[in-house]
Amino acid sequence: MSRIGRMPIAIPAGVTVEVAENNHVTVKGPKGTLERTLASEMEIKVEGAEITVTRPNDLKRMKSLHGLTRTLINNMVIGVTEGYTKDLEINGVGYRASKAGKVLTLNLGYSHPVEMTDPEGLESVVDGNKITVKGIDKEKVGQYAAEIRDKRRPEPYKGKGIKYADETIRRKVGKTGKK
């Protein structure tokens, strides 16, 4: 039995969860509304202040969908109550970020500044050499943070580039001269 899939999801106060046909789940909370269509084989029940997910049989596909379905619903509930954030750090001489309206401008040592527009429902905040991506959809927050990081990934010799705040860069030793 899936240990994660079996756990019930507590619905906090101020959050409403609706399950329509074809397992279309809508979660409304203080921070906004999230919708998602989940695997139709799973049985999602809203009982009082709890959501439970059950699977029809023990096929390998059902076992893997069981935990996934429960986690996706849980992420939606956390998203509309607390929201998600992803922190990035910019390291390197002359590497900077600035924000004007919804446009994030990155100076990353290229001949031109890199401009990125915040996607719908997401917000990026610049504080010195730190960029914080905020939003209610965990998937979108992670994707946008990854796209920002991809503009200049950290390199292993000097550690320059954009990295996640909790990421450690494996450093390499540079060349040594001839003897």
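Above this note sits the structure.
These figures come from a predicted structure and were not determined experimentally.

Counting 21 residues, the largest nonpolar core has Val17, Val25, Val27, Ile44, Ile51 and Ile73 as its most contacted members. Within the residue set of this core, elements represented by two or more residues are strand 3 (24-29), strand 6 (50-54) and helix 2 (60-81). With seven residues, helix 2 is the single largest residue contributor to this core. Excluding its chain neighbours within four sequence positions, the residues that come into contact with Ile73 are Ile9, Leu38, Ile44, Ile51 and Val53. One finds Tyr95, Ala97, Leu106 and Val114 within the second-largest nonpolar core, a separate group that totals 19 residues.

Another point: the side chain of Thr105. Turning to its location among the elements, Thr105 is positioned in strand 9 (residues 103-107). Residues contacting Thr105, with those up to four places away along its chain left out, are Arg96, Ala97, Ser98, Pro113, Val114 and Glu115.

A few words now on the sheet that holds strand 4 (residues 32-37). Taken together, the three strands give an open sheet; going across it, the order is 2-3-4, and neighbouring strands pair in antiparallel fashion. Looking at strand neighbours, the two that pair on one side only are strand 2 (16-20) and strand 4, the edges of this open sheet. For this sheet, the mean angle separating the axes of adjacent strands, direction not counted, is 15°. In this sheet, strand 4 lies alongside strand 3 in antiparallel orientation, the contact comprising six bridges. Note that in strand 4 the partner of Thr26 across the bridge is Glu35. Here helix 2 sits on the sheet and contacts strand 3 and strand 4; the angle it forms with strand 4, its principal contact strand, is near 170°.

Further remarks concern the side chain of Glu89. Its location among the elements puts Glu89 in strand 7 (residues 84-91). The exposure class assigned to Glu89 is buried, which follows from its relative accessible area of 17%.

Before going further, it helps to spend a moment on the environment of Asn22. Looking at where Asn22 falls in the secondary structure, it is placed in the loop between strand 2 and strand 3. The exposure class of Asn22 is exposed, given its relative accessible area of 52%. Ignoring anything within four residues of it in the chain, the contact list for Asn22 reads Thr37, Leu38 and Ser40.

Between its first and last C-alpha, helix 3 (residues 138-150) extends 18 Å over 13 residues, near the 18 Å set by a 1.5 Å rise per residue. Taken residue by residue, helix 3 has Val141, Tyr144, Ala145, Ile148 and Arg149 as its buried positions. One face of helix 3 carries all of its buried residues, which in axial projection span an arc of 140°. If you follow the buried residues of helix 3, they end up packed against strand 7, strand 9, strand 10 (114-117), strand 11 (122-127), strand 12 (130-135) and strand 13 (161-164). Where helix 3 starts, the residue carrying a side-chain oxygen 3.1 Å from the main-chain nitrogen of Glu139 turns out to be Asp137.

With that out of the way, let us pick up the packing of aromatic side chains. Applying the stated criterion to the full structure yields zero aromatic pairs. Directly above the ring of Tyr110 sits Arg152, whose terminal nitrogen or CZ lies 4.3 Å from the centroid.

Attention now moves to unusual backbone geometry. The phi torsion at Asn22 lies on the positive side, around 65°, for a residue other than glycine. The residue Asn23 is not glycine, and still its phi comes out positive at about 55°. Among the structural elements, Asn23 can be located in the loop between strand 2 and strand 3.

Enumeration over the complete set of coordinates arrives at 10 salt bridges. One salt bridge connects Glu139 with Arg36, and the closest N-O pair in it is separated by 2.9 Å. One end of the pair, Glu139, is in helix 3; the other, Arg36, is in strand 4, with 103 residues separating them in the sequence. Glu167 serves as the salt-bridge partner of Arg149, at 2.7 Å between the closest nitrogen and oxygen. Of this pair, Arg149 sits in helix 3 while Glu167 sits in the segment after strand 13; the two residues are 18 residues apart in sequence, bridging distant segments of the chain. On the basis of relative accessible area, Arg149 is assigned to the buried category, the value being 15%.

Parameters at a glance
- Residues numbered from 1 in each chain as written.
- Predicted model: local features only at pLDDT ≥ 70, side-chain atom pairs only at ≥ 80, totals over all residues.
- Heavy atoms only, no water.
- Core = buried A, V, L, I, M, F, W, Y, C linked by side-chain atoms within 4.5 Å.
- Buried < 20%, exposed > 50% of the residue type's maximum accessible area, 1.4 Å probe, protein only.
- Helix = DSSP H or I, 4+ residues; strand = E, 2+ residues; numbered from the N terminus.
- Contact = heavy atoms within 4.5 Å.
- Pairing = 2+ DSSP bridges.
- Axes fitted to C-alpha atoms, helices over the stretch in contact; angles between N-to-C directions.
- Expected span 1.5 Å × (residues − 1).
- Arc of directions from axis to C-beta.
- Polar contact = N/O pair within 3.5 Å; in protein donor to acceptor, adjacent residues only side chain to side chain.
- Phe/Tyr/Trp six-rings, centres within 6.5 Å; stacked < 30°, edge-to-face > 60°.
- Lys NZ or Arg CZ within 6 Å of the ring centre and 35° of its normal.
- Salt bridge = Lys/Arg side-chain N within 4 Å of Asp/Glu carboxyl O.

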